[in-house]
Amino acid sequence: SQQGEEDPQALSIQEGENATMNCSYKTSINNLQWYRQNSGRGLVHLILIRSNEREKHSGRLRVTLDTSKKSSSLLITASRAADTASYFCATVPFERNTPLVFGKGTRLSVIA
Amino acid sequence: KAGVTQTPRYLIKTRGQQVTLSCSPISGHRSVSWYQQTPGQGLQFLFEYFSETQRNKGNFPGRFSGRQFSNSRSEMNVSTLELGDSALYLCASSLNSYEQYFGPGTRLTVT
């Protein structure tokens, strides 16, 4: 069963705007990760944030984590048409050696 | 470093047949995980292998099986195919089971 639930399910914005996606999860985690998937292809790892971190940056990406609310957000600034993809959050449960649990993803469309 | 490779990329099979998919991880990665992705169920974990041992298994019927070889390459097998097995099958390798590096996937169509 999926632990992460992304919101919204779909998002359409203009090039240059910022895109924010949210993820909620249910159980204690070791870390949370965000992945991108271009249509019908494999997933690409974007960023990992550990449970003791609150915010992390990577280029145009900013991820926040609120363990008290069991939620995370991914912000993509100054979006480009090439950012059009599905974005998934994945949680690593607190127990060791348990697999990633993916949400159903947010479909982002960036219109040029 | 070469990425994760999966073969074949596309496959069409008939109900009742069996299929074997192959995955070659990134050199040095000992963990290989398999996922099934469908529009309705999303990404679902199948199993994970680490050093030739199955470390985790998802909630799939026994028709789905896998193995890992001493060179970390992995195969998954689906027997007695059903229409509902049509999906994108993704393999991912990892050093530590945290950051996963995915292959391009195998698109399986069952008719």
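What counts and what doesn't
Residues numbered from 1 in each chain as written. Chains lettered and ligands numbered in written order. Predicted model: local features only at pLDDT ≥ 70, side-chain atom pairs only at ≥ 80, totals over all residues. Heavy atoms only, no water. Helix = DSSP H or I, 4+ residues; strand = E, 2+ residues; numbered from the N terminus. Buried < 20%, exposed > 50% of the residue type's maximum accessible area, 1.4 Å probe, protein only. Contact = heavy atoms within 4.5 Å. Disulfide = S-S within 2.5 Å. Phe/Tyr/Trp six-rings, centres within 6.5 Å; stacked < 30°, edge-to-face > 60°. pLDDT = per-residue confidence, 0-100.

S.K.: Would you explain the overall build of chain A in this entry?
M.R.: Summing up its helical and strand segments, chain A has zero helices and 11 strands in all. Of the regular secondary structure in chain A, the N- to C-terminal order runs β-β-β-β-β-β-β-β-β-β-β. In terms of overall dimensions, chain A has C-alpha extents of about 45 × 30 × 20 Å along its principal axes. Classification of the 112 residues of chain A by burial places 47% in the buried group. Restricting the contact set of chain A to residue pairs at least 6 apart, pairs at least 24 apart contribute 55%.

S.K.: Quick question: what am I supposed to make of the state of the cysteines here?
M.R.: Disulfide: a covalent bond formed between the sulfur atoms of two cysteine residues. Under the criterion given, the structure shown has two disulfides over all chains. The residue that forms a disulfide with C23 of chain A is C89 of chain A, at a sulfur-sulfur distance of 2.0 Å. A torsion of 65 degrees about the S-S bond marks the disulfide between C23 of chain A and C89 of chain A as right-handed. Placement of the pair is C23 of chain A in strand 3 (residues 19-24) and C89 of chain A in strand 9 (residues 85-93), with a sequence separation of 66 residues. Residues C23 of chain A and C89 of chain A agree in their burial class; the two are buried. Covalent S-S linkage joins C23 of chain B and C91 of chain B, the inter-sulfur distance amounting to 1.7 Å. Judged by the sign of its S-S torsion, about -50 degrees, the cystine formed by C23 of chain B and C91 of chain B is left-handed. Placement of the pair is C23 of chain B in strand 3 (residues 19-24) and C91 of chain B in strand 9 (residues 87-94), with a sequence separation of 68 residues. Residues C23 of chain B and C91 of chain B agree in their burial class; the two are buried.

S.K.: Looking at this structure, I do not really get the packing of aromatic side chains. What am I missing?
M.R.: Here the distance between the centres and the angle between the planes together describe a pair of aromatic rings. Summed over the entire model, instances satisfying the criterion amount to eight aromatic pairs over all chains. For the pair F102 of chain A and F102 of chain B, a centre-to-centre distance of 6.1 Å together with 75 degrees between the ring planes defines the contact as edge-to-face. Placement of F102 of chain A in strand 10 (residues 101-102) and of F102 of chain B in strand 10 (residues 101-102) is noted, with the two residues assigned to different chains. Given a relative accessible area of 10%, F102 of chain B falls into the buried group.

S.K.: Is there a simple way to explain the confidence of the model for chain A in this structure?
M.R.: Note that predicted coordinates carrying low pLDDT should not be read in detail. Counting all residues, the mean pLDDT for chain A is 92, and 95% of those residues have values of 70 or more. Here strand 1 (residues 5-7) of chain A stands out as the element of chain A with the lowest mean pLDDT, 84, in contrast to strand 7 (residues 61-66) of chain A, whose mean of 98 is the highest.

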